Amino acid sequence: MIARRTLIAAFAAASLCTSLPAVADDAALTTAINGAWRSDVNKARDAYRHPAQALAFWGLKPGMTIVEIDPGAKGWWTEILAPYAKATGGHYIAALRNPKDETFWKEVANTAIYGDVSAKTLTPQGSDLPANSADFLLVARAFHNWARQDETTDTYLKIFYTTLKPGGILAVEQHRAPDGADPKAGTGYVPESYVIQAAEKAGFVFDGRSEINANPKDTRDHPFGVWTLPPVRQSKDNTRTLTDAERQTYDAIGESDRMTLKFRKP
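Let me sum up the structure you'll find in this document. Keep in mind it's a predicted model, so treat the numbers as computed, not measured.

### Some remarks on the nonpolar core
Formed by 32 residues in total, the largest nonpolar core has its most connected members in Leu55, Trp58, Ile66, Trp77, Tyr92 and Phe136. Elements with a minimum of two residues in this core: helix H2 (27-33), helix H5 (51-58), helix H6 (78-88), strand S3 (91-96), strand S6 (134-140) and strand S7 (164-175).

Okay, structure coming up:
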């Protein structure tokens, strides 16, 4: 009986884990990923972030309303998602602390490439993202910041749940700490369990994990946290400076070990 239960558990775990999902047969996505508007620096990072496989795993489809959370001034995902939305009749929305951020708007100013981009407010105090409006909502490398800000994780996940349509997808890419690690440690990494429990608390259903962004070289115990690694490559603070040999060692690791998780609003 124990062996049978173990086998059933193994099959259940396998059903939630995809090591390398096939790339969707989506010409518009291929065009967006290969777009000449993408910077060479951003394209070089594809080897670590696997955009085609990740988006296929998450279930991005033509015509979706896409919300990207806090994309930054030179959003790596924005260069892919906004042109894709334009090409497929969808809509791209950036959720920002300041939706009038001139730096962000400068980056997406070319409507021939990025289309009719929208921006909405998102702060721990509230958001004007419309309820039941989005098909796909992406959170990339943000949970480690929220975890150290009181109830911010729970607040944001409630907003995301409200924003998504029934059946809508919450996609997560996040630096991954070892199981049992303190999410408030300030290293830039949080455990998968922290994200999963918080999402389920907000009402989401856990729909699967992928190891496409795993990096077994990443020991996750670096002197300046995740920011020691590329692309940030922090090499000193007021207590120490990395030697050239140390810098080469961390560069050889590449980008961080990351979880790639998918949730769905019932």
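### Quick look at the packing of aromatic side chains
Applying the stated criterion across every chain yields a total of 10 aromatic pairs. Plain terms: the ring middles of Trp76 and Trp77 are 4.7 Å apart, the flat faces sit at 90° to each other, and that makes the pair edge-to-face. Note on accessibility: Trp76 and Trp77 belong to one class, buried. Aromatic side chains Trp146 and Phe160 sit 5.9 Å apart centroid to centroid with 50° between the ring planes, which places their arrangement in the tilted category. Of this pair, Trp146 sits in helix H9 (residues 143-146) while Phe160 sits in helix H10 (residues 152-163); the two residues are 14 residues apart in sequence, bridging distant segments of the chain. A relative accessible area of 6% places Trp146 in the buried class. Classification of Phe160 as buried rests on a relative accessible area of 0%.

### Things to note about the side chain of Gln174
Tracing the backbone shows Gln174 in strand S7. Classification of Gln174 as buried rests on a relative accessible area of 0%. In this structure the side chain of Gln174 is engaged in a polar contact, spanning 3.4 Å, whose partner is the backbone oxygen of Gly188. Every residue in contact with Gln174, bar those within four places of it in the chain, is listed here: Arg141, Ala142, Phe143, His144, Gly188, Val190, Asp257, Arg258 and Met259.

### Let's talk about the environment of Asp237
Considering the arrangement of structural elements, one finds Asp237 in the loop between strand S8 (205-210) and helix H12 (244-253). Look at Asp237 and you get partly exposed, because its relative accessible area is 33%. Spatially, the C-alpha atoms of Asp237 and Asp70 are 26 Å apart, while their sequence positions differ by 167 residues. A polar side-chain atom of Asp237 sits 2.6 Å from a polar atom in the side chain of Thr239.

### Focus on the pattern of salt bridges
Under the definition given, this model contains 18 salt bridges. One salt bridge in this structure joins Asp135 and Lys165, with 3.1 Å as the shortest N-O distance. Taken together, the residues Asp135 in strand S6 and Lys165 in strand S7 connect sequence positions 30 residues apart. In this structure Asp135 comes out as buried when scored by relative accessible area, which is 19%. Residue classification places Lys165 among the partly exposed positions, given a relative accessible area of 30%. Of the charged contacts in the structure, one is a salt bridge between Glu246 and Arg240, with a shortest N-O distance of 2.8 Å.

### Topic: the environment of Arg233
For Arg233, the location among the structural elements is in the loop between S8 and H12. With relative accessibility at 38%, the residue Arg233 sits in the partly exposed group. When the C-alpha positions of Arg233 and Arg247 are compared, they lie 8.2 Å apart, and in sequence the two are 14 residues distant. Every residue in contact with Arg233, bar those within four places of it in the chain, is listed here: Trp227, Thr228, Arg247 and Asp251. At 2.8 Å, the side chain of Arg233 forms a polar contact with the side chain of Asp251.

The rules we used
- Residues numbered from 1 in each chain as written.
- Predicted model: local features only at pLDDT ≥ 70, side-chain atom pairs only at ≥ 80, totals over all residues.
- Heavy atoms only, no water.
- Core = buried A, V, L, I, M, F, W, Y, C linked by side-chain atoms within 4.5 Å.
- Buried < 20%, exposed > 50% of the residue type's maximum accessible area, 1.4 Å probe, protein only.
- Helix = DSSP H or I, 4+ residues; strand = E, 2+ residues; numbered from the N terminus.
- Phe/Tyr/Trp six-rings, centres within 6.5 Å; stacked < 30°, edge-to-face > 60°.
- Polar contact = N/O pair within 3.5 Å; in protein donor to acceptor, adjacent residues only side chain to side chain.
- Contact = heavy atoms within 4.5 Å.
- Salt bridge = Lys/Arg side-chain N within 4 Å of Asp/Glu carboxyl O.

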